[in-house]
Amino acid sequence: MTGSQRQLTLNLFIYPGGHHEAAWRYRASEPKRVLDIRYYQELAQKAEAAKFDAIFFADGPSLPENVRYSSRVRFEPVTWLTAIAAATSHIGLIGTASTTYNEPYNLARLFASLDHISNGRAGWNIVTTSDAGAAQNFGLPEHPPHGERYEKAREFLEVVTKLWDSWEDEALVADSESGIFADSEKVHAIDHVGRHYRVRGPLNVSRSPQGRPVYVQAGSSDDGRSFAAKFAEAIFTAHQTLASAQEFYADIKNRGAALGRHPAHIRVLPGISPFLGSTQAEADSLEEEINDLIQPAASLDQLKRMIGLDLSGFDLDGPFPRHLVDTGGPKGIASRFQLVLDIVDRENPTIRQLIKRLAGARGHRVVVGTPEHVANEIQTWFEHGAADGFNVMPPWLHGGFDAFVDEVVPILRKRGLFRHEYAGSTLRDHYGLTRPESGYAQARRKSA
């Protein structure tokens with residue numbers, strides 16, 4: 001392996017209990033620990049010992065309706081990641097926060113604080129929130145339309161970036177002899193006045209170790225792709241086929257290049273959920289065992305949220321009623337909606353077969369087989385223009401992740417595809433990203 005050889009990015013995507021919707025019922029799971037911070041600290045420490053780039057924690061500002069049958073409770077991400085930061089030293093810390101249901105100043109302060117506390121390991125997964133039920137938790141009569149949410153997100157990101165830049169790197173002096181704590185000429189009010197936000201600034205936290213947290217984005221609709229190409233430094237995405245992943249990868253890189261961005265500075269990271277066994281039959285048996293724990297009512301509710309179609313009164317072993325799907329409705333432009341329809345059109349499943357396909361990782365790719373088979377799939381996508389790395393989504397925790405670290409990672413290392421040691425200490429270091437200069441410092445330098 002040479003020092004210049006392209007390396008995989010690997011994140012551990014943590015979902016309480018695991019990514020299979022029935023994971024909490026699996027005999028090897030620990031569902032009563034989903035609110036035990038030590039449970040997550042242990043996972044993060046395992047991921048760090050394996051030299052993973054980051055851990056990622058998803059979130060939404062509402063409780064899904066199927067909590068009766070599914071593990072849905074979770075910590076607030078920045079609080080959770082701060083506790084993880086105290087138990088680790090290198091691994092990146094990526095949390096989700098919504099531009100629709102947050103204010104820019106508070107969010108900028110939260111993530112700047114996390115970046116300081118972790119010595120430069122913070123990442124922000126930027127979402128506009130797809131769950132319409134969130135609106136009622138924030139006093140809104142209805143959930144804003146898709147296009148409006150992305151328009152607001154663009155301005156939100158502009159404001160947050162200005163706030164993170166509002167302290168130049170040399171602004172914090174802390175010189176006890178002169179009595180100067182901060183160079184006030186290098187601390188800037190942003191005075192933002194826009195359509196959605198009026199924010200004076202500056203931030204009350206000095207510039208963080210990474211300059212700003214890493215920008216991560218997870219939407220794959222056309223609005224999501226445009227947003228990602230302009231802003232995202234890492235993109236989380238879901239694909240079932242190599243061809244679909246290749247199309248997305250090429251499109252994002254081309255859009256970014258057209259905006260003057262270096263394609264290597266946009267990391268495309270599909271999700272992969274591995275069911276591992278020493279033989280193919282053993283892996284198949286494991287998947288079947290966990291699939292048998294599915295509660296159909298919960299699965300149908302998840303399908304309804306994805307495509308807007310209630311199938312609770314249908315025969316599960318009958319054909320999926322493709323003709324009833326409203327492709328012209330508001331869900332029709334969502335990327336996960338199209339992913340489900342692609343599965344239906346490609347595989348012609350029964351309703352039961354479809355909900356089993358989606359139960360494993362909510363539309364992300366499930367790979368079932370030996371460690372060698374899983375490593376082959378990862379390598380194929382990595383080397384054929386489909387991925388810069390992966391969000392590893394264990395079907396259950398901790399065992400599903402332990403198996404991946406113990407059995408797949410050594411194969412990837414042997415092939416020269418994944419690091420043995422960290423080359424740096426920040427998330428930007430792990431992702432091979434440059435540290436951005438403050439916009440105010442750029443303007444000062446250009447005017448000098």
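No experiment lies behind these values; they were computed from the predicted model shown.

Rules and cut-offs
Residues numbered from 1 in each chain as written. Predicted model: local features only at pLDDT ≥ 70, side-chain atom pairs only at ≥ 80, totals over all residues. Heavy atoms only, no water. Phe/Tyr/Trp six-rings, centres within 6.5 Å; stacked < 30°, edge-to-face > 60°. Buried < 20%, exposed > 50% of the residue type's maximum accessible area, 1.4 Å probe, protein only. Lys NZ or Arg CZ within 6 Å of the ring centre and 35° of its normal. 1 Å grid on protein atoms, 1.4 Å probe; cavity = no way out; pocket = protein on both sides within 12 Å on 5 of 7 lines; lining within 4 Å. Points joined across faces, edges and corners; volume = space filled by probe spheres on them. Helix = DSSP H or I, 4+ residues; strand = E, 2+ residues; numbered from the N terminus. Expected span 1.5 Å × (residues − 1). Contact = heavy atoms within 4.5 Å. Polar contact = N/O pair within 3.5 Å; in protein donor to acceptor, adjacent residues only side chain to side chain.

Draft legend 1. Here's a closer look at the packing of aromatic side chains. For the structure on display, the rule yields 22 aromatic pairs. Judged by centre distance (4.9 Å) and plane angle (85°), the ring pair of Tyr 39 and Tyr 40 falls under edge-to-face. With relative accessibility at 0%, the residue Tyr 39 sits in the buried group. Owing to a relative accessible area of 1%, Tyr 40 belongs among the buried residues under this scheme. Stacked on the ring of Phe 382, the Lys or Arg Arg 6 has its end atom at 3.8 Å from the ring centre. Its guanidinium or amino end placed over the ring of Tyr 15, Arg 362 lies 4.1 Å from that ring's centre, counting from NZ or CZ.

Draft legend 2. Representation of empty space enclosed by the protein within the structure. Applying the stated criterion across every chain, the model contains 3 cavities of 30 Å³ or more. Estimated volume of the largest cavity: approximately 90 Å³. Taken together, 13 residues make up the lining of the largest cavity; nearest its centre are Tyr 15, Gly 18, His 20, Glu 21 and Arg 72.

Draft legend 3. Representation of helix α1 (residues 37-49) within the structure. In this model, α1 (13 residues) spans 18 Å end to end at C-alpha, consistent with the 18 Å of a helix rising 1.5 Å per residue. Listed as buried for α1 are Tyr 39, Tyr 40, Gln 41, Leu 43, Ala 44, Ala 47 and Glu 48. In the core, the buried residues of α1 are packed alongside β1 (9-14), β2 (54-57), α2 (77-87) and α12 (399-414). Looking at where α1 begins, the residue whose side-chain oxygen comes 3.0 Å from the main-chain nitrogen of Arg 38 is Asp 36. A positive phi of about 65° marks Lys 51, the residue just after α1.

Draft legend 4. Here's a closer look at the side chain of Ser 206. With respect to the helices and strands, the residue Ser 206 is situated in the loop between β8 (198-199) and β9 (214-217). For Ser 206, a relative accessible area of 16% corresponds to the buried category. Not counting the four nearest positions on each side in its chain, Ser 206 is found in contact with His 116, Trp 167 and Leu 172.

Nothing here speaks to function; it is geometry throughout.
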